[in-house]
Amino acid sequence: MFTNVPFPAIFIAMSNKKRVFSGIQPSGDLHIGNYLGAIVNWVRGQDAHDNIFCIVDLHAITVPQDPNKLKANTMELAKVLLASGIDPKKSTLFVQSERPEHSEMAWILNCFTRMGELKKMIQYKQKSGLDVNLHVLRQFVQEKIREELVKNYKLPSQEGPFDGLKMELTIQKQLDQIVNKGLVDDILDGVIDKLEGVSTVGLFDYPVLMAGDILLYDTEEVPVGEDQKQHVEIARDIAQRLNKRVGKVVVVPQPVIKKEGARIMSLTDPTKKMSKSDQNENSYVLLRDDAETIRKKFARAVTDSDNKIKFDKEKKPGISNLLNIMSVCTEIPISDLEKKYASSNYGQFKADVAECVIEMLKPIQAKLAEYDKNEDKVRKILADGAEAVAPRAKDTLSRVKKAVGLGL
Ligand code: AMP
Ligand code: TRP
């Protein structure tokens, strides 16, 4: 293909590949949501891009971790990534904490990030408990205060018989003022304060560490699941602000969200994301689940009762999730699958989805078994990876430090 092209042109063509960086947390057993939503995109994009993949253990400690489990999870994730097809010849794989530049970069970027921006992050609000529905909470507090006042001071309740006395009207107005304004907001501010008080600075700062990961490597594209889009957007904002203040020193990255694979839902409640923190083991399929377990889990998957295999996220979330899973496993479009299963029943369809997943996992599980016997090989790949990315990380960091005016 390149026969008539002089060597430098080939070289340029190769080095023109887009720089892709992505990270994944070592947070325990991995499920097909992690694989289909994140890992598979990394694997399939390897040839087209210049890839750096990072096991982000510094992110993992933003929530409490058992130290031994964290180490074991880091090893497990490395094995899963390699077994899934991350090829050290094509991509660089390393552990975040093994490159100190990440923490250093995060500190500098902290000084270019606003608290207000971080407070808006959905993941922070969820993980710190700040996503409580304030509207519902406000109504609840209002009702409680009203009840107490009515009871203790024998005030007329709003619903109760009202005899129209001027005096009572005034009291009623004052009551409304207490309940609807200042007091309720004071109480809610107190609740928010308490929740913020117990969450860590690390959890709050999580997106800045992530921005550092991305910017250190002059990343152009960041493939992530839908839930991480907001974090890539804040990385862009931070990069743009830094460039504006100190001159162009970093590349502004783009999020890349793969649509169909982006969200794999729970098998037992298809309105929720598949998640390993779910209490119900039947809600997720682990990458190490054996064939029998996978068949059972899919057989029990929650669906609707009209027995038509059609994609309709609103009305048929269960079947739509299964169609999506089958489609990303087989790379067959959903519309073709709908045609194929037009006259099938749910039992047959679920059994077929299970077989697709089993087939997809077979080669991965075989390779996992090999890496289980040779963990030193995994350690060597990770150490080589950390060394391979060092020059670029050091180069970006020193460029940024210089631009910001650090050191002499
Ligand atoms: P986590 O372990 O939850 O941090 O997820 C690791 C990666 O898998 C992230 O890139 C997530 O976006 C992705 N991921 C996790 N759960 C799902 C899911 N149910 N569907 C699609 N992607 C997911
Ligand atoms: N926060 C990401 C997640 O939980 C992981 C991550 C850390 C990441 N650093 C990153 C993803 C940089 C992309 C780029 O999935």
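The present account deals with the structure reproduced in this document.

Thresholds applied
Residues numbered from 1 in each chain as written. Chains lettered and ligands numbered in written order. Predicted model: local features only at pLDDT ≥ 70, side-chain atom pairs only at ≥ 80, totals over all residues. Heavy atoms only, no water. Helix = DSSP H or I, 4+ residues; strand = E, 2+ residues; numbered from the N terminus. Buried < 20%, exposed > 50% of the residue type's maximum accessible area, 1.4 Å probe, protein only. Contact = heavy atoms within 4.5 Å. Areas by Shrake-Rupley, 256 points an atom, 1.4 Å probe, with all protein chains shown as cover. Lys, Arg positive; Asp, Glu negative; His and termini not counted. Charge placed at Lys NZ, Arg CZ, Asp CG, Glu CD. Near = heavy atom within 4 Å. Polar contact = N/O pair within 3.5 Å; in protein donor to acceptor, adjacent residues only side chain to side chain. Nonpolar A, V, L, I, M, F, W, Y, C, P; charged D, E, K, R; others polar. Phe/Tyr/Trp six-rings, centres within 6.5 Å; stacked < 30°, edge-to-face > 60°. Axes fitted to C-alpha atoms, helices over the stretch in contact; angles between N-to-C directions. Parallel < 35°, antiparallel > 145°, perpendicular 65-115°, else oblique. Left-handed = near helix turned anticlockwise from the far one by under 90°. Patch = residues over 30% accessible without salt bridge, like charges linked within 9 Å, V, L, I, M, F, W, Y side chains within 5 Å. Salt bridge = Lys/Arg side-chain N within 4 Å of Asp/Glu carboxyl O. Pairing = 2+ DSSP bridges. Right-handed = clockwise from strand over helix to strand, strands pointing away. Core = buried A, V, L, I, M, F, W, Y, C linked by side-chain atoms within 4.5 Å. Domains from an automatic or database assignment.

### Looking at the overall build of the protein chain
Counting its secondary structure elements, the protein chain contains 17 helices and five strands. Across its three principal axes, the protein chain shows a C-alpha extent of roughly 100 × 70 × 45 Å. By the burial criterion, 44% of the 408 residues in the protein chain qualify as buried. When contacts within the protein chain are restricted to residue pairs at least 6 apart in sequence, those whose partners lie at least 24 apart make up 76%. When the accessible surface of the protein chain is split by element, carbon and sulfur atoms take 55% of a total near 22,000 Å². Side-chain charges in the protein chain split into 60 positive and 57 negative, and the spacing between the mean points of these groups amounts to 3 Å.

### Some details on the site of ligand 2
Residues in close proximity to ligand 2 total 13 residues, the closest being Gly-23, Tyr-206, Met-210, Asp-213 and Gln-228. Between ligand 2 and Tyr-206 there is a distance of 2.6 Å, counted from a nitrogen atom to a side-chain nitrogen or oxygen. Contact between ligand 2 and Asp-213: a nitrogen atom at 2.7 Å from a side-chain N or O atom of the residue. In the complex, the protein chains occlude 91% of the 360 Å² of accessible area that ligand 2 would expose alone. Elements supplying a minimum of two residues to the shell around ligand 2: strand E1 (18-24) and helix H11 (201-216). Considering each element in turn, the shell around ligand 2 owes the most residues, four residues, to H11. A class-by-class count of the residues in the shell around ligand 2 yields seven nonpolar, five polar and one charged.

### Thoughts on the environment of Leu-188
Mapped onto the elements, Leu-188 comes out in helix H10 (residues 182-198). Looking at Leu-188, the relative accessible area reads 4%, which means it is buried. Remark: the alpha-carbon pair of Leu-188 and Leu-137, spanning 51 residues in sequence, is separated by 8.0 Å. If sequence neighbours within four positions are ignored, Leu-188 has contacts with Leu-134, Leu-137, Arg-138 and Val-141.

### Section: the packing of aromatic side chains
Tallied over the full model, the rule gives five aromatic pairs. Centroid distance Phe-21 to Tyr-217: 5.4 Å. Interplanar angle 10°. Geometry classified as stacked. Taken together, the residues Phe-21 in strand E1 and Tyr-217 in the loop between H11 and strand E4 (221-223) connect sequence positions 196 residues apart. No difference in accessibility class separates Phe-21 from Tyr-217, as the two residues are buried. Members of the aromatic cluster, connected to one another through ring pairs, are Phe-21, Phe-94 and Tyr-217.

### Quick word on the side chain of Gln-123
Assignment of secondary structure puts Gln-123 in helix H7 (residues 122-128). Given a relative accessible area of 14%, Gln-123 falls into the buried group.

### A look at the packing of helix H16 (residues 346-373) against helix H17 (residues 375-404)
Where H16 contacts H17, the two axes come as close as 5 Å, and the packing angle between them is 90°. The pairing of H16 with H17 is recorded here as roughly perpendicular in orientation. Within the contact between the two elements, H16 uses Tyr-371, Asp-372 and Lys-373 and H17 uses Glu-375, Lys-377 and Val-378. For the contact of H16 with H17, the per-class residue count stands at two nonpolar, no polar and four charged.

### Examining the packing of helix H2 (residues 32-44) against helix H14 (residues 317-330)
Contact pair H2 / H14: the axes reach a minimum separation of 11 Å and the direction vectors enclose 30°. By the angle between their directions, the pair H2 and H14 is classed as roughly parallel. For the pair H2 and H14, the crossing hand works out as left-handed. Between H2 and H14, the residues in contact are Ile-32, Leu-36 and Arg-44 and Ile-325, Val-328 and Cys-329, respectively.

### Some details on a nonpolar patch on the surface
Nonpolar side chains collect at one region of the surface, where Ile-178, Leu-183 and Ile-187 lie side by side and expose about 210 Å² of accessible area between them. Tracing the backbone through its elements, the reader meets Leu-183 in helix H10.

### Focus: the pairing of strand E2 (residues 49-55)
Counted residue by residue, E2 has five buried out of seven residues, so it is predominantly covered. As paired elements, E1 and E2 share seven bridges and run parallel to each other. Within the sheet, the bridge partner assigned to Gly-23 lies in E2 and is Cys-54. Running through H2, the crossover from E1 to the neighbouring parallel element E2 is right-handed. For E2 and strand E3 (residues 91-95), the ladder comprises five bridges, and the chain directions are parallel. In the sheet register, Ile-52 faces E3, and the bridge partner there is Thr-92.

### Re the nonpolar core
By size, the foremost hydrophobic cluster in this structure holds 57 residues, and its most contacted members are Ile-32, Leu-36, Leu-81, Phe-298, Ile-325, Phe-349 and Val-357. Composition of this core by domain shows at least three residues from each of domain 1 (7-126 + 200-263 + 375-404) and domain 3 (281-372). Apart from residues no more than four positions distant in its own chain, Val-357 is found in contact with Ile-32, Val-285, Ile-294, Phe-298, Ile-325 and Cys-329. Counting 39 residues, the second-largest nonpolar core is a separate cluster that includes Phe-21, Val-232, Val-249 and Val-250.

By themselves, these are just geometric observations and shouldn't be taken as functional.
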